[in-house]
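Spelled out from the first residue to the last, the chains are:
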Amino acid sequence: MTNNKSVLAWLDEMKALLTPDEVVWIDGSEEQLESLRAQACSTGELIKLNEEKLPGCYLHRTAVNDVARVEDRTFICSRKEEDAGPTNNWKDPQEAYKMLFDIARGSYKGRTMYIIPYSMGPIGSPLAQIGIEVTDSIYVVLNMAIMTRVGQAVLDVLGDSEDWVKGLHSRCDIDAEKRYICHFPEDNYIISVNSGYGGNVLLGKKCFALRIASYLGKNNQWMAEHMLILGIENPQGEVKYVSAAFPSACGKTNLAMLIPPEGYTSRGYKVWTVGDDIAWMRKGPDGRLYAINPENGFFGVAPGTNKKSNPNALASTQKGTIFTNVVHNLDDNTVWWEGLDKNPPENAVNWKGEPWNGKTATEKGAHPNSRFTAPAKNCPCISPEFDSTAGVPISAIIFGGRRAQTTPLVYQSRDWNNGVFVGSIMASETTAAATGAVGVVRRDPMAMLPFCGYHMGDYFKHWIEMGEILGDKAPKIFNVNWFRLDDEGNFLWPGFGDNFRVLEWIIDRCEGKADAVETAIGYVPHADDINLDGLDMDKKTLEDILYVDNAKWLKEAEGIEEFYKKFGDKLPAELKDQLNSLKERLSK
């Protein structure tokens, strides 16, 4: 399939280390994938679901000790410990290679080595990158064939280049005590052992698309970000694109596939999904920031996905999808999970493979982190620009979090560096909704805390440098908070599709069509500039959730100062200045 010397030399090393019985190149053909599906069904690795109701869909169960990403087993193996920074686990690369190769040695005996050439991003795009993963798991092959672009065409684009990312995955014995996911940024190398779960073994996803790519981006003037990308089309057919970063459980997938309220759709407004999770962005020929979604599918959390919460995500799972750790409904050979509907099956098997009756069971049937791997092209609102090799121009970058009181519904940063500050202080807090009690604030800068492949202080500096590169063509930066609570702990903003009303103001600001009120933290809308038509909400409530309480923000500034200490002298001076300026404005 290739004569690339660097690829063939590495594969010879892998064969000698892993000693597979057979070696199979993944060429991306439907015939080969279909034969692998049949093979996986014959061994029980996959269960084929109802072809009429869920055509081309399969169910897989992981080992019960292997159900999520393992942050305490995830390492950045940079040559210098300080380059991994205080937010990552670090191992010395030479020690890590020895440990990992010792664990993996001979582990493919009796198994097949599958070689997956894959492109992150549309094949041939100047924004795309290429990886090669070896694995002993058909489940991994079939998921990678959904989540990335795989096959011969990738190798044709690679040619003789040495610019590709190595990925070694071995299930070994699925031993949690010897489970490691290690990244070697200077070597373009990812090694994952003793796991079979998605995020740990689909090495194109968080491992390459964020941890390795963030390092590549820093060195090559581009950005790899944990962001959705969506297009907002107005009735005149003009489309503006935004990217947005949210910590987990803040409605990111719902926003990526948002359906505008009836009052907007009837006038011709539309939302187009370019990506739901990751954005790679670089300066384009016209000086603006352009983004691609490096992925080709959605790896979504199943529980809570339903016709009301996210109809587009649900529609995406109806064909060609692999479900992991959900309930198997034996009556009609389909799947179910908590929050899908109020009619759990009685004759079913839970995620552990045990008989399960949803009407009488006390335990959940689907694992809380159960997943669907669905082709992006299934999504009813997938953007016509999804496969664009040039990417889409970004007008606004949106940060968000889950805050009960402090942060207003939306505000715009004062400028780019202030926007970097806003992203760096992103946070969510646990709320006891019944009492409105506020829990612990967890900061997750740019939603990259678990995914930045190098020192986060240097990452902030890279953001500031990107602002200098983009100059006056840089996107405007905003922060949103859909989660303001009243004194009884009820949400004040309806969220979901109604978030479009806030997006409308953001786009208007980018186009110079909307005014704003200057506050100590940035620019907030006039209440009259957020359209409330069709909403059961009065202007006073809207004014309340747009209000900036300086006393609360002074307390917030103390928390930011404490958080910033973590980065020591690597914290860019620009961010220190931003914090000091904020405190001055709040004290006036």
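Residues numbered from 1 in each chain as written. Predicted model: local features only at pLDDT ≥ 70, side-chain atom pairs only at ≥ 80, totals over all residues. Heavy atoms only, no water.

> Looking at this model, I keep getting lost on unusual backbone geometry. Mind explaining?
Excluding glycine, most residues fall at negative phi; most peptide bonds, likewise, are trans. The phi angle at N333 is positive, at roughly 55°, despite the residue not being glycine. As for its position among the elements, N333 is in the loop between strand 20 (327-329) and strand 21 (334-336). Notably, A447 is not glycine yet its phi reads approximately 60°, a positive angle. Topologically, A447 is positioned in the loop between strand 28 (437-443) and helix 13 (456-470). (Helix = DSSP H or I, 4+ residues; strand = E, 2+ residues; numbered from the N terminus.)

> I tried to follow the sheet that holds strand 24 (residues 371-375) on my own but got confused; where do I start?
The strands that make up a sheet are held in pairs by hydrogen bonds between backbone atoms, and each pair lies either parallel or antiparallel. Taken in spatial order, the five strands line up as 2-3-19-24-18 in an open sheet, and their pairing is mixed. Because the sheet does not close on itself, it has two edges, and the strands there are strand 2 (47-48) and strand 18 (297-301). Note that strand 2 and strand 3 (residues 58-60) share two bridges and pair antiparallel. Opposite K48, over in strand 3, you have Y58 as the bridge partner. (Pairing = 2+ DSSP bridges.)

> Where do I start with helix 15 (residues 539-546) in this structure?
Residues spaced three or four apart along an α-helix face the same direction, because each turn holds 3.6 residues. Looking at helix 15, one finds that the buried residues are L542, I545 and L546. All buried residues of helix 15 project into a common sector of 100° when viewed along the axis, lining one side. Its buried side turned inward, helix 15 meets strand 26 (410-412) and strand 31 (523-524). (Buried < 20%, exposed > 50% of the residue type's maximum accessible area, 1.4 Å probe, protein only. Arc of directions from axis to C-beta. Contact = heavy atoms within 4.5 Å.)

> I'm lost on the packing of aromatic side chains in this one. Help?
Two aromatic rings, taken as a pair, are described by how far apart their centres are and by the angle between their planes. A complete count under the given rule lists 28 aromatic pairs for this structure. The interplanar angle of 80° and the centroid separation of 6.0 Å between the aromatic rings of W10 and Y189 together place this pair among those described as edge-to-face. Of the two residues, W10 is situated in helix 1 (residues 5-18) and Y189 in strand 11 (residues 189-193); the sequence distance between them amounts to 179 residues. The same class applies to W10 and to Y189, which are both buried. On the numbers, 6.4 Å between centres and 70° between planes, the contact of Y215 with Y454 is edge-to-face. Of this pair, Y215 sits in helix 8 (residues 204-220) while Y454 sits in the loop between strand 28 and helix 13; the two residues are 239 residues apart in sequence, bridging distant segments of the chain. By the burial criterion, Y215 is buried, and Y454 matches it. (Phe/Tyr/Trp six-rings, centres within 6.5 Å; stacked < 30°, edge-to-face > 60°.)

> What exactly am I supposed to notice about the pattern of salt bridges here?
Pairs can form between side chains of opposite charge whenever their charged atoms are close. By the definition in use, this model includes 33 salt bridges. Taking the shortest distance from any N to any O, the salt bridge between D444 and R442 comes out at 3.9 Å. Residue D444 is classed as buried on the basis of its relative accessible area, which comes to 5%. Taking the relative accessible area as the measure of exposure, R442 reaches 44% and is therefore partly exposed. A salt bridge links D498 to R501; its shortest N-O distance comes to 2.9 Å. Each member of the pair, D498 as well as R501, carries the same accessibility label: buried. If you follow the salt bridges from partner to partner, you end up with K205, K206, K252, D277 and E295 in one network. (Salt bridge = Lys/Arg side-chain N within 4 Å of Asp/Glu carboxyl O.)

> Could you clarify how one ought to interpret the state of the cysteines in this entry?
Disulfide: a covalent bond formed between the sulfur atoms of two cysteine residues. In this structure the tally under the stated criterion is zero disulfides. With no disulfide of its own, C57 lies closest to C41 among cysteine sulfurs, the gap being 12 Å. On the accessibility criterion, C57 (0% relative accessible area) is buried. Free cysteine: C207, not disulfide-bonded; nearest cysteine sulfur from C182 at 9.8 Å. Residue C207 is classed as buried on the basis of its relative accessible area of 0%. (Disulfide = S-S within 2.5 Å.)

> Sorry, what's going on with the sheet that holds strand 21 here?
Read from one edge to the other, the open sheet built from four strands follows the order 21-20-22-23, with strand pairing classed as antiparallel. Each having just a single partner strand, strand 21 and strand 23 (355-356) make up the two edges of the open sheet. With three bridges joining them, strand 20 and strand 21 adopt antiparallel strand pairing. Paired with V327 across the strands is W336, a residue of strand 21.

> Looking at this structure, how should I read the environment of T74?
With respect to the element layout, T74 can be found in strand 4 (residues 74-76). Between the C-alpha atom of T74 and that of S192, which follows or precedes it by 118 residues, the distance is 9.1 Å. Non-local contacts of T74, meaning those with residues more than four positions away in its chain, are made with N89, I181, H183 and R211. Only 2.6 Å separates the side chain of T74 from the backbone oxygen of V70, close enough to count as a polar contact. (Polar contact = N/O pair within 3.5 Å; in protein donor to acceptor, adjacent residues only side chain to side chain.)

> Explanation requested: helix 16 (residues 550-565) in the structure shown.
Counted at 1.5 Å a residue, the expected span for helix 16 with its 16 residues is 22 Å, and the 23 Å between its end C-alpha atoms agrees. Where helix 16 is concerned, the buried positions are W553, E556, A557, I560, F563 and Y564. Relative to the axis of helix 16, the buried residues are bounded by an arc of 120° and lie together on one face. Turned more than 90 degrees from where helix 16 packs its buried face, A551, K555, E558, E562 and K565 sit exposed. Its side-chain oxygen 3.0 Å from the backbone nitrogen of A551, D549 forms the N-cap of helix 16. (Expected span 1.5 Å × (residues − 1).)

> Is there a simple way to think about the nonpolar core in this case?
Grouped burial of nonpolar side chains is what soluble globular proteins tend to show. Counting residues in each nonpolar core, the largest one holds 95 residues, and the members touching the most others are W280, F399, W463 and Y564. When near neighbours in sequence (up to four residues on either side) are disregarded, F399 contacts M227, A245, G419, V422, G423, M426, M446, W463, I477, F478, N479 and V480. In terms of nonpolar packing, the next biggest core, distinct from the first, is built from 64 residues, A366, A376, W505 and I530 among them. (Core = buried A, V, L, I, M, F, W, Y, C linked by side-chain atoms within 4.5 Å.)

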